[in-house]
Amino acid sequence: MAIFSSSKTADDGTSKRKTSSKNADNTGSRSMFGRNRTANGNAKADDKAGGSSRSFSLRKADTLGTARSKVKGAEKAEKEAEKHLQIARKSTKEARDHVTRLEHEVDTDMRNATRKRKEAHSLRSDAKGLGRV
């Protein structure tokens, strides 16, 4: 006995099966694997795999056109990504060059400050004797 059907006994003693209205009419049923079929087991006419060879070739051309447009879109995105990558590399190089210039400037300022400190120390030593009698 099927799980989703019920069985009733008729007045004459025979059993009658009650099925869902979906399966009872011949417009089609849905199998366990999700394929729409007609009552005789053939695929419906509007099924994607069915139809005339002309409609198949149109769908094939449409699919090829879609694939071409996707490839062109991917190429365009790749070129744009390469452009952005070059811009990022240039920006990184400029930032590193800037840091190098700052380090050089700091080194120069440090040398100048050291020299100035030594000169100030020397002047202080020279000025120690001033004002003494």
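Residues numbered from 1 in each chain as written. Predicted model: local features only at pLDDT ≥ 70, side-chain atom pairs only at ≥ 80, totals over all residues. Heavy atoms only, no water.

1. Description of the overall build of the chain
Okay, step 1: Along the backbone of the chain there are two helices and four strands.
Okay, step 2: Evaluated residue by residue, the chain yields a buried proportion of 2% over its 133 residues.
Okay, step 3: Of the accessible surface of the chain, which amounts to about 12,700 Å², a share of 54% is contributed by carbon and sulfur atoms. (Helix = DSSP H or I, 4+ residues; strand = E, 2+ residues; numbered from the N terminus. Buried < 20%, exposed > 50% of the residue type's maximum accessible area, 1.4 Å probe, protein only. Areas by Shrake-Rupley, 256 points an atom, 1.4 Å probe, with all protein chains shown as cover.)

2. A look at the pattern of salt bridges
Okay, step 1: For the coordinates displayed, the defined rule picks out one salt bridge.
Okay, step 2: In this structure, Lys93 and Asp97 form a salt bridge, with 3.3 Å as the shortest nitrogen-oxygen distance. Taken together, the positions of Lys93 and Asp97, both in helix α2 (residues 53–127) and four residues apart, correspond to about one turn of that helix.
Okay, step 3: Look at Lys93 and you get exposed, because its relative accessible area is 52%. (Salt bridge = Lys/Arg side-chain N within 4 Å of Asp/Glu carboxyl O.)

3. Points about the confidence of the model for the chain
Okay, step 1: Mean pLDDT over the chain stands at 76; residues scoring 70 or higher make up 56%.
Okay, step 2: Across the chain, the secondary-structure element scoring lowest on mean pLDDT is helix α1 (residues 21–24), at 47, and the one scoring highest is α2, at 92. (pLDDT = per-residue confidence, 0-100.)

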